[in-house]
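Fold and contact review
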Amino acid sequence: DTAVSQTPKYLVTQMGNDKSIKCEQNLGHDTMYWYKQDSKKFLKIMFSYNNKELIINETVPNRFSPKSPDKAHLNLHINSLELGDSAVYFCASSRGTREYEQYFGPGTRLTVT
Amino acid sequence: AQSVTQPDIHITVSEGASLELRCNYSYGATPYLFWYVQSPGQGLQLLLKYFSGDTLVQGIKGFEAEFKRSQSSFNLRKPSVHWSDAAEYFCAVGPQTDKLIFGTGTRLQVFP
């Protein structure tokens with residue numbers, strides 16, 4: 001049983017396209033996150049939702065829009081993709097914020113050509 | 001501002017040797033500290049965490065870490081490294097503002 005799953009695992013697309021990445025967790029957690037890992041492995045948080053409410057929104061271009069239809073799902077939609085968006089995007093979840101450890105999905109490698 | 005420093009970008013050890021990965025943090029209060037491991041092409045897996053109490057914490061896969069407040073450090077150790085331990089290791093601190101701050105990672109290479 002996969003705890004945090006993401007689809008697709010790989011995504012290759014051209015500049016200017018719009019794409020979505022989906023995330024689902026079956027852990028019953030209240031909080032979900034999106035992280036971006038660049039080519040140097042630097043991991044930075046983008047968004048966080050708690051009970052479908054946005055609680056963290058880092059300095060991310062407006063082209064990125066998260067959507068949480070329910071507690072178990074957090075999707076990431078990216079408009080007008082740019083070369084610099086190429087990265088690995090990780091979804092994560094935790095029981096709550098602060099002192100709870102986060103469980104990560106396998107990642108989605110996005111390549112923009 | 002919160003920050004995490006992992007001074008070693010890349011470490012190489014022989015299988016069976018001991019290991020210590022360094023992590024220093026900057027934080028205004030008692031931090032929550034984590035070590036995660038990322039195997040090639042995989043997501044991050046939690047190795048261990050420190051919230052409070054005993055400063056020596058045990059984790060999975062034979063890893064342990066020690067919180068030293070005076071040195072603002074949370075170094076990860078393993079007495080005998082296995083080839084399967086080759087991976088990227090991330091230290092993280094948080095979260096007064098509901099988010100984790102990750103270090104830049106240390107890549108561990110293990111030679112037979």
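Keep in mind the model is a prediction, meaning the values are calculated, not measured.

**Section: the packing of aromatic side chains**
Residue and element names in this part refer to chain B. A full pass over the atoms with the stated rule returns 16 aromatic pairs over all chains. A ring pair is formed by Y36 and F102, whose centres lie 5.8 Å apart and whose planes are at 50°; its orientation type is tilted. Residue Y36 is located in strand β5 (residues 32-38), and its partner F102 is located in strand β11 (residues 101-102); the two are separated by 66 residues in the primary sequence. The same class applies to Y36 as to F102, namely buried. Seen from their ring centres, Y50 and F74 are 6.4 Å apart, and the 45° between their planes marks the pair as tilted. Here the residue Y50 occupies a position in strand β6 (residues 44-50), and F74 occupies one in strand β9 (residues 73-78), the gap between them amounting to 24 residues. Accessibility assignment for this pair places Y50 and F74 in one class, buried.

**Side note on the sheet that holds strand β1 (residues 4-7) of chain A**
Residues and elements named next belong to chain A. With antiparallel pairing, four strands are arranged side by side in an open sheet as β1-β3-β8-β7. For this open sheet the edge positions go to β1 and β7 (64-70), each flanked by a neighbour on one side alone. This sheet shows a mean twist of 20° between the axes of neighbouring strands, independent of strand direction. Sheet analysis places β1 next to strand β3 (residues 19-25), joined by four bridges and oriented antiparallel. Note that in β3 the partner of T7 across the bridge is K22.

**Thoughts on the interface of chain B and chain A**
Each partner contributes to the interface: chain B provides 21 residues, whereas chain A provides 21 residues. Along the contact surface separating chain B from chain A lie one salt bridge. Inspection of the region where chain B meets chain A yields four residue pairs in polar contact (both at pLDDT 80 or more). Split by residue class, the side of chain B that touches chain A holds ten nonpolar, seven polar and four charged.

Conventions used here
Residues numbered from 1 in each chain as written. Chains lettered and ligands numbered in written order. Predicted model: local features only at pLDDT ≥ 70, side-chain atom pairs only at ≥ 80, totals over all residues. Heavy atoms only, no water. Phe/Tyr/Trp six-rings, centres within 6.5 Å; stacked < 30°, edge-to-face > 60°. Helix = DSSP H or I, 4+ residues; strand = E, 2+ residues; numbered from the N terminus. Buried < 20%, exposed > 50% of the residue type's maximum accessible area, 1.4 Å probe, protein only. Pairing = 2+ DSSP bridges. Axes fitted to C-alpha atoms, helices over the stretch in contact; angles between N-to-C directions. Contact = heavy atoms within 4.5 Å. Salt bridge = Lys/Arg side-chain N within 4 Å of Asp/Glu carboxyl O. Polar contact = N/O pair within 3.5 Å; in protein donor to acceptor, adjacent residues only side chain to side chain. Nonpolar A, V, L, I, M, F, W, Y, C, P; charged D, E, K, R; others polar.

So yeah, pure geometry; function would need other evidence.
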